[in-house]
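What the coordinates show
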Amino acid sequence: MIASVLPTYSRAPLTFVKGEGTWLIEADGRRFLDLGAGIAVNALGHAHPKLVAALTDQAGALWHTSNLYHIPQQQQLADKLVDSTFADTVFFTNSGTEACELAVKMARKFWYDKNAPQKVDIITFDGSFHGRSSAGIAAAGSEKMTKGFGPLLPGFTHLAFGDHDALSAAITETTAAIMIEPVQGEGGIRPVPDQCLKGLRDLCDEHGILLILDEVQCGIGRTGKLFAHEWAGIEPDIMMVAKGIGGGFPLGAVLATEHAASGMTAGTHGSTYGGNPLGCAVGCAVLDEVNTPEFLAEVNRKSGLLRQKLEGLVADNPDVFESVRGAGLMIGIKCKALNMDIVNAGYDTQVITVPAADNVIRLLPPLTITDDEIADAIARLDQAAKAVSA
Ligand SMILES: Cc1ncc(COP(=O)(O)O)c(C=O)c1O
């Protein structure tokens, strides 16, 4: 008999009932050090007092009105994002997938309104992940996600990650945009080098096409800047955001320049829940906390500390681990042993990591992780590695 919850997930044998900072508490009382943060979502850890206050204050006042009316919290969050980024305008969604949907629609509508309706194709890259909707799976294009779900949304060109020659050749008169994650998350924590992001920006400018960055996983302070593309000194035309921006409350956004968003006039897009008062109240609190030079400097300092200790961990366990890569507190450990064996061994040593493609385990801890917790994490990962090695 089918499970009452549609069985699309293969879940770990763990049931968490409470969270405190970097810790998750299992139903049986065991405490787990959370280096996954709900897949880069709990940017400020669990039950951060400022987020709890923002959510509960708003919950006592007003939950939902729909976008038929003005939503002050939405306006505030949009203003904060516009003030802090390349963007002139923001649309709020409930997830990264919905942000992908709008990014695709926005790029196509842009060209339609410029009397170039043939420009519908979006170039994407192997190993990318943009969500599980029809546009999201067509964008990423991997057979694992698309098999059985045809006919796929047309208009995506998939290129090998890092193949510069193929990229120049792939741009034609039907190309609308290039869509890329500055750091691939699901694909195995693969950062796009700054030079390549600059090259992509130049290429888009040269051909007059739009650059869409998917910062759903790598944004909101994760790499030590508010957004990962800032390291390369470039700006996108459109950007997808989710995960960390809600700190655990479902919230996403599409940020865009006025130019790129020019086709999205009244009636062209909408959402019942997107930008609701609860999500945006929390989003404002997250941004106020993360978007300060002091907070981001701490992310960078802790990233250095964690990276240095992880290099030692890899050196101490050469038959289990191969190398460390990533940016900020978005770190991948390429494994020699099966990544899932290490993730599972981590459950025994009470440390949470997340598997990714390319036999990588991902470390995406709360950005608020402490130095002591970093040391603790290394000890637990070392114990897990020794168990796998044995
Ligand atoms: C880069 C990227 N884009 C899009 C998504 C989809 O986001 P969501 O699961 O919130 O729909 C994800 C989720 O993992 C992601 O990592």
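The structure displayed is predicted, hence computed values, not measured ones. (Residues numbered from 1 in each chain as written. Predicted model: local features only at pLDDT ≥ 70, side-chain atom pairs only at ≥ 80, totals over all residues.)

Re the overall build of the protein
Put simply, the test is: The helix and strand labels rest on DSSP assignments: H or I over at least four residues marks a helix, E over at least two residues marks a strand, and numbering proceeds from the N terminus. Note that the radius of gyration is over C-alpha atoms, with the globule rule given as 2.2 Å times the number of residues to the power 0.38. To sort residues by exposure, count the other C-beta atoms lying within 10 Å of each residue's C-beta; 20 or more gives buried, 12 or fewer gives exposed, and values between give partly exposed, all with C-beta atoms placed from the backbone. In this description, a residue-residue contact is defined by the distance between C-beta atoms placed from the backbone, which must lie within 7 Å.
Counting secondary structure elements, the protein contains 12 helices and 17 strands. Computed over its C-alpha atoms, the radius of gyration of the protein comes to 21 Å, within 12% of the 21 Å expected for a compact globule of 390 residues. Taken over the C-alpha atoms alone, the protein extends approximately 65 × 55 × 55 Å along its principal axes. Within the protein, buried positions represent 49% of all 390 residues. Taking the contacts inside the protein whose residues are at least 6 apart along the sequence as the reference set, 75% of them involve residues at least 24 apart.

Topic: the site of the ligand
Defined as follows: Each residue gets a C-beta atom placed from its backbone. Should that atom fall within 6 Å of a molecule or strand, the residue is termed near it. For this classification, Asp, Glu, Lys and Arg are treated as charged, while Ala, Val, Leu, Ile, Met, Phe, Trp, Tyr, Cys and Pro are nonpolar and the rest, including Gly, are polar.
Lining the immediate environment of the ligand, one finds 15 residues, of which Ser95, Gly96, Thr97, Gly131 and Val216 sit closest. The greatest single-element share of the shell around the ligand, amounting to three residues, is contributed by helix H4 (residues 96-113). Residues belonging to the shell around the ligand are distributed by class as follows: five nonpolar, seven polar and three charged.

Notes on the domain arrangement of the protein
Rules: Residue ranges for the domains originate in an automatic or database domain assignment.
The assigned domain composition of the protein is domain 1 (16-42 + 293-389) and domain 2 (50-290). Placing a centre on the C-alpha atoms of domain 1 and another on those of domain 2 gives a separation of 27 Å. Taken together, the 23 residues of domain 1 in the interface contact 23 residues of domain 2. Those elements giving two or more residues to the side of domain 1 that touches domain 2 turn out to be helix H1 (37-40), helix H10 (293-316), strand E13 (321-327), strand E14 (330-335) and strand E17 (360-363). No other element matches the five residues that H10 contributes to the side of domain 1 that touches domain 2.

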